[in-house]
Structure formats: C-alpha cells, structure tokens
Amino acid sequence: MASLRVITARNPVHSALFLVLSFFSAAGIWMLLKAEFLSIVLVLVYVGAVMVLFLFVVMMLDINLEKMREGFWGYFPLGATVGTIIVLEMAGVIFHGFQGSDADVPAISANIGNTKELGKLIYTEYVFAFEIAAVILLVAIVAAVALTLRRRKDSKYFSPAAAVKVKSTDRVRIVKMKSEDKVDPIAPAVPVAAPATPPATPPAPAAPQK
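Residues numbered from 1 in each chain as written. Predicted model: local features only at pLDDT ≥ 70, side-chain atom pairs only at ≥ 80, totals over all residues. Heavy atoms only, no water.

K.L.:
Just checking my understanding: could you explain the overall build of the protein for this structure?
P.N.:
In terms of regular secondary structure, the protein is built from 9 helices and 0 strands. Sequence-ordered secondary structure for the protein, helices as α and strands as β, is α-α-α-α-α-α-α-α-α. Here the analysis covers contacts within the protein between residues at least 6 apart in sequence; of these, 52% occur between residues at least 24 apart. When the accessible surface of the protein is split by element, carbon and sulfur atoms take 69% of a total near 19,400 Å². (Helix = DSSP H or I, 4+ residues; strand = E, 2+ residues; numbered from the N terminus. Contact = heavy atoms within 4.5 Å. Areas by Shrake-Rupley, 256 points an atom, 1.4 Å probe, with all protein chains shown as cover.)

K.L.:
Would you mind showing me how to read helix 2 (residues 12-32) here?
P.N.:
Each α-helix winds once per 3.6 residues, and so residues spaced three or four apart point in a common direction. In this model, helix 2 (21 residues) spans 30 Å end to end at C-alpha, consistent with the 30 Å of a helix rising 1.5 Å per residue. All buried positions along helix 2 are accounted for by Ser15, Ala16, Val20, Ser22, Phe23 and Ala27. In an axial view of helix 2, the angular spread of the buried residues amounts to 160°, which keeps them on one side of the axis. Positive phi appears at Lys34, one or two residues downstream of helix 2, with a value of about 65°. (Expected span 1.5 Å × (residues − 1). Buried < 20%, exposed > 50% of the residue type's maximum accessible area, 1.4 Å probe, protein only. Arc of directions from axis to C-beta.)

K.L.:
Before we go on, may I ask you to explain the UniProt feature "transmembrane region" (unreviewed entry) in the protein in this structure?
P.N.:
Per the UniProt record, the feature "transmembrane region" (unreviewed entry) sits at residues 12-33, 39-61, 73-95 and 126-149. Its end C-alpha atoms 32 Å apart, residues 12-33 is made of 95% helix and 0% strand. Across residues 73-95 one finds 100% helix and 0% strand; the C-alpha atoms that close the span lie 33 Å apart. (UniProt positions renumbered as here; feature names shortened; annotations may be inferred.)

K.L.:
What am I meant to see in the layout of surface pockets here?
P.N.:
Space inside the second largest pocket adds up to approximately 650 Å³. Among the elements of the structure, helix 3 (36-61), helix 6 (114-122) and helix 7 (127-148) are those that each provide at least two residues to the lining of the second largest pocket. Of all the elements, helix 3 adds the most residues to the lining of the second largest pocket, at 7 residues. Grouping the amino acids of the lining of the second largest pocket by side-chain chemistry returns 17 nonpolar, 2 polar and no charged. Two domains each provide a minimum of three residues to the lining of the second largest pocket, namely domain 1 (1-65) and domain 2 (114-148). (1 Å grid on protein atoms, 1.4 Å probe; cavity = no way out; pocket = protein on both sides within 12 Å on 5 of 7 lines; lining within 4 Å. Points joined across faces, edges and corners; volume = space filled by probe spheres on them. Nonpolar A, V, L, I, M, F, W, Y, C, P; charged D, E, K, R; others polar. Domains from an automatic or database assignment.)

In structure tokens, the structure reads:
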C-alpha cells in the first residue's frame, strides 16, 4: 500500500514519506528472513541518509506541480510500458528463485556469518553491478547539488578556474611618473628666518577733560 501511494500521492513530500514507510516494511521482511545485516543497512543508509537527501532536494526545488502535470498523459504510454517491463522482469526473477532446489544453493560453513558471505558475493560475482550502482549514486548526488545550487546576489562569488588563469600582468600595472627634485638627506637643513614683526606702537595719550 505504501509503495502504491509513492506514485499516486499528489504532494512530492508525502510521496517521499510513503517511500520511507516502504523501506521500513522491506526492512521488516528482511528481518523475518534472517537477513539482519541487510535490514539494518536499509534503515541506516536509505532511511537515514538517502531519504533525507530526497526531502532536502524536493523542498529546496520549489516544484510547480501544476506545470508538471500538464504533460502527464503524453508520457503515460512510455511510462506504462517501462513499468510493465520492470514488473515482468521482477516476476521472472522471483519465479526462477522459487523453482530452484536446495542443491543449487552453495553450502555455508557454520563459522561464517551472512554479512561476510554477502561481502564475498558482492566483491567477487557482483563486483561490476556494485560499481555501476556506486556510479549511479554518485551522479545522483552531483545532480542533486547542481539542482539546488542558487547564486545569491548579496554574496561574493569566487571562481577557482578563473583564479588559476590569471597572469601577473592582469594583477600588477607599472605606471611611469616624473621624478621630483632630489633632496640630500646628509646636508643640514637651513633654518628659515622668521619674518620681522614691526614694533608695537604705544597708545595715544588721552585728551584732558575740561
């Protein structure tokens, strides 16, 4: 039910939360199948890290839902075809697994755990699939960062590529100026005579009163 709501919910944030519920359900199934390591990794990696990244991207993009729904029916036939092919492939893998006998399963020694056995299978038989999955996750992380990157006008932008290409002639400019009269710093300075001040005139005597 949660997986169905992932693709039918109208709000992308609700779809991401339903996907978290789907991951918890799958982790519970793996715990019942005694695959404890896969169950814990699913909760820690996908629910704790990947879904947080999904929610961050969905909330930062500010998606216009009305504009996205305009071409839904135009892409519906292609999406339905791809979905049908994926469902048939998964059904074929599951039916083939149930048809196999216990003799085809390699024996596991008693002193080895399922975690170590899983690691041996990933890095031997499924190493190329593991590397392809790692590259896909790396591309998804780079795409998420590129989509959420916004240049702010009130912050200073620095381009490392432009800084590497800068030459010395672009930073330093030599300006030629005329030289001034040179003053010998050893010669004593000639004191400048102060201008002579005229003597002060005595005040005139007061006139006698009658």
